[in-house]
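Results of the structural survey
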Amino acid sequence: MSHEPLPGAEAPLQVEGEPVARGVSLPAQEAAGRSPGSHAALLEVEDLLVTYRGVPAVAGISLSVRSGEIVGLIGPNGAGKSSALNAISGDVRAASGSVRFAGHDITRLPPYRRARRGMARTSQTARVFEGLTVFEGLMTVARGAEGASLTRTVVRRGQRADEKETAEMVWELLDHHSFAHIANLYGRELSGGQRRFVDLAMALIRAPELLLLDEPMVGVAPALLPSLMEELQRVARAGVGILMVEHALDVVAALCDRVIVMAAGSIIAEGTYQEIAEDVEVRRAYLS
Amino acid sequence: MQAFVSISLVYLGIYALSAWSLNLQYGYAGIINFGWIVFQAIGAYIAGVTALGTSSGSFQTYILGARLPFPLPLLMGTLAGGVLALVLGALILTRRIRPDFQAVILLVVSIIAAQVVIATPSIFDGSNGLSNIPKPFNGALHLSDQGYQWFYVGWMAVLCIIVFAGLQWLCRTSWGRALKAVREDETLAAYSGINVPLLRVVVFVIGGAIAGFSGALLAEFLGTWSPDAWNFVETFVVFVAVYVGGRGNHVGALLGAFLVPVVFGVMPSFLPEFGYPGLSANLEWIVIALLWLVTFYLRPAGILPERRYVAKRGGASSSASMRPTTPSPAPPTMDEPRTAS
Amino acid sequence: MSLYLEAVGFGVVAAASIAIGAMGFTLQFGLTNVLNIGYGSIMSLGGLVAYACHAAGMSIWLGLAIGGLSASAMTLLVAKTILSVFARRGAGLFEMAMITFGVSLIIEYGIASATQNNTYSLFLAVEHAMTLGPFHFTKVQLVLVGLAIAVFVVLDLFLRLTKLGLALRATAIDPDLARASGIQTNRIVTAAWLMSGFLCGLAGGVFTINILTVNAFTGDTLLSLVIVSALLGTAGSVRGAVLAALVIGIATQVASVAGASGYDSAVAYGFLALVLLARPKTLQGELVTDKAQITV
């Protein structure tokens, strides 16, 4: 078996030592005292089938993600990775199969209901609210459904306190990552890297239990990759399960506890990065 | 001369309410209510029939007659606008339809409504419409026609201030912010747990109620209401008002209400007739359409655009105009270095 | 019963103008993705020019052609001076539709001002109706139907067999890919505007000949049926548009015989609302596009 790296993954990135425990992005998680790496299956996908106009994009796959686990989902272009992610987040309706989250069947639920149960995701294109400031966007997301409820707003019970508390949390998040200076910029005024940060911040600020990431490293300066990866590791250590679609194999090698390889809509390999890197099927899929 | 000022002011109030209603739905929440006029119309009709009493024995035919005292007809008109918005909103806003299709669907609703009303006189007296609608307080105060108009100006001013204050407050809450989020990116808003269709229907209903309110007030001022008063193109005029004045800014909407329907609509009706009868009305539409194209080209955000929410620590905040702020020197950016691409 | 059969006959004739209009509309819409509400005003223009030519002594058929040509020129003018300007600035789908609405107002009320709000009556030579089985047609009506059929055949062959036609279809399906393959999309779009504009004016003229009156707002009622047919036939499909036009034409005529005629256009508009509401659907596995592409 050859030990040559897969195309695109030269020496895996070194993540320095044990990162210093950082700030406060996940107050709820930490307060709940969730022990990292608890082995409850957080996400269970079974026989997921997604079709576009009759053609299967995801041809009946099954996978699972546990709390505190970082799972990478890789594969050549057109393998169906994003479609699978979209079906898990609810953006796309599955033709058949099931998605279970924290023990509940959420297959038929629309995205906002899944979000309320503790699922969060980022977008391939680093979506932000173009016409809202970064601060407004984070506030909206952090307050979520409660902030959008007319009855609660009109009745005013605890509104001011909630707003103040959430605002403090948002400022802490921004300060912690040295992004306070972009707080009052509109989404459309942000640079590419700033958009990536905001997209991820919006996913994290709700203290989710499951984080779905769609190519989170695209467009990020190589110098800052380590700190971004440290952040994700810290999030995972706090008990969040992460499913990450990613093309940069060095990132996947450094970050993921487990890697799932898809090609042509099916899973062709699953295991640690080392294991799948040596898999004949995987090499064939990437090189063909 | 007095009539010119007083009538213009009353219409300013009516169009201000109209523009605020549409601004809430479209400027803040991004709902393209291209059939807006039908909500004003139903408010006017319901206010009319609930003040006129039953239709038997009258020369007019209509449904739902009642002789309710002030201010009930006004409230009924407002309610009617809200209920119609609830029905249409549930049917149309709860699906994902491309925005231009959604606009045309609502436009078509307003067209069909007009045709059905005209073709079925038993509903609201067809093309004749309702007349002799009682004017509020007219019996109590014994004013001349002109005096009553001035009274109505004051009455409208009070109501407008209340509605304006209410809307400004509402749009500054977290709910108002959620509206803007849904307008900007409904998918992203859904990712944070917001029930987007529900939020849209709620906004639609509030806007519809305000539209109905404006219709009721107008019907009570004019004393009559017929299909001539609610041509589907009127919606376009209110849209232009909001676009020209400033979307997402209620003060801008007020400015737009003055500049577009009042300056170009109401005021010219006082000019002496020129050309053939109907020429000035035709030219009015052309001018408003040109105004829309020019403004949208030169200043797409309007004269008074939505103000940037500037957050400060410790809870204080302020608003600033839309000029982009240059950020202070920042730590190394997260971007990839710009190599030749 | 014979009343209904006659209505079917009328329906076929009515379908002629709807079909021609729908073919033109689908050409535009399939390519540019803009819901052009100004299409109706240009149909009025086509009808009025045809009328004016006839009133000036020309044959009505020549008038039709000239109406088509004027409509073609007007369409290109509007597209290049107004629509492409705003499309380039990133106007969204709704804003483009609203722009076309504004254009429609300017054209229709401009025409109305120029014609002093007059409605004109077309006087053609009185003819005897010929009998074809249970149907009665005048020669003129048969020519109109024949014209629609001819237009369909020519357009269908053009789209399938000529280089320009294929390039048009390719650009409609995927403009970026077309451009990357070397297709000069700018020229394609210009050709599409010219052709669809001609059909638009022709449709207005045919409609005028059918109902024998015309004014600045004639195109409005026809527009709703045209859009219904174009959308029912799926954007870009000429055959679908014609078939839908036939169905709609017959349906509306039969309906107006069956029910009170005051609701004629309300029914037509009702169709439109239903068609728009029903598509496009979010199908299984498909995301509804948030930002659709406008090629102008």
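Residues numbered from 1 in each chain as written. Chains lettered and ligands numbered in written order. Predicted model: local features only at pLDDT ≥ 70, side-chain atom pairs only at ≥ 80, totals over all residues.

With respect to the overall build of chain C
Counting secondary structure elements, chain C contains eleven helices and four strands. Projected onto the principal axes, the alpha-carbon positions of chain C cover approximately 55 × 45 × 35 Å. Looking at chain C as a whole, 50% of its 296 residues qualify as buried. The long-range fraction of contacts in chain C, counting pairs at least 24 apart against all pairs at least 6 apart in sequence, stands at 79%. (Helix = DSSP H or I, 4+ residues; strand = E, 2+ residues; numbered from the N terminus. Buried ≥ 20, exposed ≤ 12 C-beta atoms within 10 Å, placed from the backbone. Contact = placed C-beta atoms within 7 Å.)

Things to note about the overall build of chain A
Assigned secondary structure in chain A consists of eleven helices and ten strands. The proportion of buried residues among the 288 residues of chain A is 48%. Put simply, 72% of the contacts in chain A that link residues at least 6 apart link residues at least 24 apart.

Details of the sheet that holds strand E3 (residues 70-74) of chain A
Residue and element names in this part refer to chain A. Spatial strand order, E6-E7-E8-E3-E9-E10: six strands in an open sheet with mixed pairing. The strands lining the two open edges of the sheet, one partner per strand, are strand E6 (119-121) and strand E10 (266-271). Direction aside, neighbouring strands of the sheet carry axes that sit 20 degrees apart on average. In the sheet, strand E7 (residues 210-214) pairs with strand E8 (residues 241-245) via five bridges, with the strands oriented parallel. Within the sheet, the bridge partner assigned to Leu-211 lies in E8 and is Ile-242. Sheet strands in contact with helix H8 (residues 225-237) are E3, E7 and E8, and its direction is about 145 degrees off that of E8. (Pairing = 2+ DSSP bridges. Axes fitted to C-alpha atoms, helices over the stretch in contact; angles between N-to-C directions.)

Remarks on the interface of chain B and chain A
Between chain B and chain A, the contact holds 37 residues from the first and 47 residues from the second. At the level of elements, helix H7 (174-184), helix H8 (186-191), helix H9 (196-222) and strand E1 (308-311) of chain B are the ones that each hand at least two residues to the side of chain B that touches chain A. In terms of residue class, the side of chain B that touches chain A is made up of 20 nonpolar, nine polar and eight charged. (Nonpolar A, V, L, I, M, F, W, Y, C, P; charged D, E, K, R; others polar.)

Quick word on the sheet that holds strand E5 (residues 104-105) of chain A
Residue and element names in this part refer to chain A. Spatial ordering of the open sheet is given by E2-E1-E4-E5, a layout of four strands whose pairing is antiparallel. Of all the strands in the sheet, the pair left with one neighbour each is strand E2 (55-66) and E5. Pairing of strand E4 (residues 96-101) with E5 involves two bridges; the strand directions are antiparallel. Bridge pairing in E5 links Arg-100 to Asp-105.

Some words on the confidence of the model for chain C
All names here are of chain C. Taken as a whole, chain C shows an average pLDDT of 86; of its residues, 92% reach a score of 70 or greater. The least confident element of chain C, judged by mean pLDDT, is strand E2 (residues 130-132) at 79; the most confident is helix H2 (residues 39-55) at 96. Below a pLDDT of 50 lies the segment residues 281-291, which in the model reaches 18 contacts outside its immediate sequence neighbourhood of four places, other chains included. This complex was scored by the predictor with a pTM of 0.87 and an ipTM of 0.86. (pLDDT = per-residue confidence, 0-100.)

Observations regarding the pairing of strand E9 (residues 258-263) of chain A
Residue and element names in this part refer to chain A. Of all six residues in E9, six are buried; the element is thus mostly enclosed. Judged by which residues are buried, E9 turns out to be covered on both faces: Arg-258, Ile-260 and Met-262 on one side and Val-259, Val-261 and Ala-263 on the other are all buried. Direction of pairing for E3 relative to E9: parallel, over a ladder of four bridges. Paired with Leu-73 across the strands is Ile-260, a residue of E9. Here E9 pairs with E10 via five bridges, running antiparallel. Counterpart to Met-262 in the pairing with E10 is Ile-267. Hairpin geometry of E9 and E10 is characterised by an intervening segment of two residues between the two adjacent antiparallel strands and by a positive phi of about 50 degrees at Ala-264.

Re the domain arrangement of chain A
Domains assigned within chain A are domain 1 (27-126 + 208-287) and domain 2 (129-189). The straight-line distance from the C-alpha centre of domain 1 of chain A to that of domain 2 of chain A is 27 Å. (Domains from an automatic or database assignment.)

Regarding the confidence of the model for chain A
Any residue range with low pLDDT should be treated as having predicted coordinates unsuitable for detailed reading. Scored by pLDDT, chain A comes out at a mean of 83, with 85% of its residues at no less than 70. Note that pLDDT drops below 50 for residues 1-38 of chain A; the model gives that stretch 56 contacts with residues more than four away or on any other chain.

A short note on the environment of Trp-155 of chain B
Checked against the element boundaries, Trp-155 of chain B lands in helix H6 (residues 145-171). Considering only alpha carbons, one finds Trp-155 of chain B and Gly-252 of chain B, 97 residues apart in sequence, at a separation of 22 Å.

Quick look at the environment of Phe-207 of chain C
All names here are of chain C. Along the polypeptide, Phe-207 turns up in helix H8 (residues 185-211). Looking at Phe-207, the number of C-beta atoms within 10 Å reads 29, which means it is buried. For the pair Phe-207 and Thr-218, spaced eleven residues apart in the sequence, the C-alpha separation amounts to 8.6 Å. Here Phe-207 is in contact with Ser-17, Met-43, Gly-47, Thr-218 and Leu-222, once residues within four sequence places are set aside.

Quick look at the packing of helix H4 (residues 99-119) of chain B against helix H11 (residues 264-278) of chain C
At a minimum axis distance of 9 Å, the contact between H4 of chain B and H11 of chain C shows a crossing angle of 155 degrees. Between H4 of chain B and H11 of chain C, the interaxial angle falls into the category roughly antiparallel. Once H4 of chain B is placed against H11 of chain C, the crossing between them reads as left-handed. Between H4 of chain B, through Phe-101, Val-104, Ile-105, Val-108, Val-109, Ile-111, Ile-112, Gln-115 and Val-116 of chain B, and H11 of chain C, the contact on the second element is made entirely by Ser-265, Ala-266, Tyr-269, Gly-270, Leu-272, Ala-273, Leu-276 and Leu-277 of chain C. Across the contact of H4 of chain B with H11 of chain C, the residue classes tally to 14 nonpolar, three polar and no charged. (Parallel < 35°, antiparallel > 145°, perpendicular 65-115°, else oblique. Left-handed = near helix turned anticlockwise from the far one by under 90°.)

Quick look at H9 of chain B
The terminal C-alpha atoms of H9 of chain B, which comprises 27 residues, lie 39 Å apart, in line with the 39 Å expected from a rise of 1.5 Å per residue. Taking burial as the measure, the 27 residues of H9 of chain B include 24 buried ones, the bulk of the element. (Expected span 1.5 Å × (residues − 1).)

Side note on the packing of helix H10 (residues 233-245) of chain B against helix H12 (residues 279-298) of chain B
Residues and elements named next belong to chain B. In the contact formed by H10 and H12, the axes pass within 10 Å of each other and the chain directions differ by 35 degrees. As for how H10 packs across H12, the hand of that crossing is left-handed. Where H10 abuts H12, its residues Val-233, Val-237, Val-240, Tyr-243 and Val-244 lie against Trp-285, Ile-288, Leu-291, Trp-292, Thr-295 and Phe-296. Broken down by class, the residue content of the contact of H10 with H12 amounts to ten nonpolar, one polar and no charged.

A closer look at unusual backbone geometry
The peptide bond linking Phe-70 of chain B to Pro-71 of chain B adopts the cis configuration, its omega dihedral lying at 0 degrees. Non-glycine residue Asp-47 of chain A carries a positive phi angle of around 50 degrees. For Asp-47 of chain A, the position within the fold is in strand E1 (residues 41-52). Taking the C-beta count within 10 Å as the criterion, Asp-47 of chain A has 12 such neighbours and is therefore assigned exposed. Phi is positive for Ala-102 of chain A, close to 50 degrees, though the residue is something other than glycine. In this fold, Ala-102 of chain A is placed in the loop between E4 and E5.

Observations regarding the nonpolar core
Counting residues in hydrophobic clusters, the biggest one holds 299 residues, and the most contacted among them are Ile-242 of chain A, Ala-19 of chain B together with Ala-19 and Met-23 of chain C. Sort the elements by how many residues they give to this core and H9 of chain B lands first, with 17 residues. Domain assignment of the residues forming this core places at least three in each of domain 1 (27-126 + 208-287) and domain 2 (129-189) of chain A. Excluding residues that lie within four positions of it along the chain, Ile-242 of chain A makes contacts with Ile-70, Val-71, Leu-211, Leu-213, Leu-232, Val-235 and Ala-236 of chain A. (Core = buried A, V, L, I, M, F, W, Y, C linked by C-beta atoms within 7 Å.)

Some thoughts on H4 of chain B
In this model, H4 of chain B (21 residues) spans 30 Å end to end at C-alpha, consistent with the 30 Å of a helix rising 1.5 Å per residue. Within H4 of chain B, 18 of the 21 residues are buried, which leaves the element mostly enclosed by the surrounding structure.

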